[in-house]
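Below, each chain spelled out in residue letters.
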Amino acid sequence: VMLSLTRALYPLLLGASLMLPPTAVSATDDGTVQFMHKGMQIAGKPAPEGKRYDIELASPAEGADTVRKAADILIENSTYNAKAIEKLKAAGNVVIVYDPAFPKRELTKITIAAFLPDFYQAEGRTKDFLTVVGRFGGKWSPRELAPVLAHELTGHGMQHLRGRLEHVREVDLECEAYLYQEKAYQDLGFDKG
């Protein structure tokens, strides 16, 4: 998956946000908004200048706030997913980035978010659990985005934690991640009928 979040920017987000108090919000020179929230690093990136997109984009602050609210909804209403997020935080860095340039371009599907386990992985035992929410997810309501975070962050994150991403068939990985998402739908009281 191609991302506009560069390998150089991610360590800066990681390092800068680790130094922030839990409620402090900072902005980088390029307009990226970043903050720590409940032990998770959340960032919102600006759209690249001169690019046109198929929808009106959320600003970096709006996108990051949607992510924060969605994470809160998931943690406060789905004990199963909240426990998994705590395990991820205990094992490494949980990072959720709103990036309006993600995905680059799709013609036959819409990607709301993606888990990118190998985008940036520091040396050592600490793992990084990076989820990117794209321009479509940045426009969703936090309640609708919460189950998607359960699929990407919690479902695929737990697979990454257990070292299963490299050894299990993709169809099985997706089915397992959908179980985390379905649990979130149930816990949040979605009527899917």
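Rules and cut-offs
- Residues numbered from 1 in each chain as written.
- Predicted model: local features only at pLDDT ≥ 70, side-chain atom pairs only at ≥ 80, totals over all residues.
- Heavy atoms only, no water.
- Salt bridge = Lys/Arg side-chain N within 4 Å of Asp/Glu carboxyl O.
- Helix = DSSP H or I, 4+ residues; strand = E, 2+ residues; numbered from the N terminus.
- Buried < 20%, exposed > 50% of the residue type's maximum accessible area, 1.4 Å probe, protein only.
- Axes fitted to C-alpha atoms, helices over the stretch in contact; angles between N-to-C directions.
- Parallel < 35°, antiparallel > 145°, perpendicular 65-115°, else oblique.
- Left-handed = near helix turned anticlockwise from the far one by under 90°.
- Contact = heavy atoms within 4.5 Å.
- Nonpolar A, V, L, I, M, F, W, Y, C, P; charged D, E, K, R; others polar.
- Phe/Tyr/Trp six-rings, centres within 6.5 Å; stacked < 30°, edge-to-face > 60°.
- Lys NZ or Arg CZ within 6 Å of the ring centre and 35° of its normal.

K.L.:
Please explain the pattern of salt bridges as it appears in this structure.
P.N.:
Close approach of charged atoms allows side chains of opposite charge to pair. Within this structure, the stated rule accounts for ten salt bridges. The salt bridge involving Lys38 is made with Asp72; its shortest N-O contact spans 3.0 Å. Taken together, the residues Lys38 in the loop between β2 (33–37) and β3 (40–44) and Asp72 in helix α2 (residues 60–77) connect sequence positions 34 residues apart. By relative accessible area, Lys38 is classed as partly exposed at 37%. The buried category is assigned to Asp72, whose relative accessible area is 11%. The closest approach of N and O atoms between Lys38 and Glu76, which form a salt bridge, is 3.2 Å. Of this pair, Lys38 sits in the loop between β2 and β3 while Glu76 is found in helix α2, placing the two residues 38 residues apart along the sequence. By sharing partners, the salt bridges in this structure join Lys38, Asp65, Arg68, Lys69, Asp72 and Glu76 into a single network.

K.L.:
Which parts of the structure should I look at to understand the packing of helix α4 (residues 142–161) against helix α5 (residues 170–187)?
P.N.:
In a pair of packed helices, the angle between the axes and the distance between the axes together describe the arrangement. At their nearest, the axes of α4 and α5 sit 8 Å apart, and the two run at 135° to each other. In this view, α4 runs oblique relative to α5, as classed from their interaxial angle. Note that α4 runs across α5; the crossing there is right-handed. Two secondary-structure elements touch here, α4 through Pro147, Val148, Ala150, His151, Thr154, Gly155, His156, Met158 and Gln159 and α5 through Leu173, Glu174, Glu176, Ala177, Tyr178, Tyr180, Gln181, Ala184 and Tyr185. Considered class by class, the residues forming the contact of α4 with α5 number ten nonpolar, six polar and two charged.

K.L.:
It is not clear to me how the packing of aromatic side chains should be interpreted in this structure. Could you clarify?
P.N.:
A ring pair, where both rings are aromatic, is described by two values, the distance of the centres and the angle of the planes. Counting across every chain of the model gives two aromatic pairs. Ring geometry for Tyr80 and Tyr180: centres 5.3 Å apart, planes at 35°, overall tilted. Here the residue Tyr80 occupies a position in helix α3 (residues 79–91), and Tyr180 occupies one in helix α5, the gap between them amounting to 100 residues. The partly exposed category is assigned to Tyr80, whose relative accessible area is 44%. Between the aromatic rings of Tyr185 and Phe190, the centroid separation amounts to 5.0 Å while the plane-to-plane angle is 75°, which identifies the pairing as edge-to-face. Using a relative accessible area of 18% as the deciding quantity, one classes Tyr185 as buried. Overall, Phe190 belongs to the partly exposed group, its relative accessible area being 23%. We note Arg143 situated over the ring of Phe190; from NZ or CZ to the ring centre the distance is 3.9 Å.

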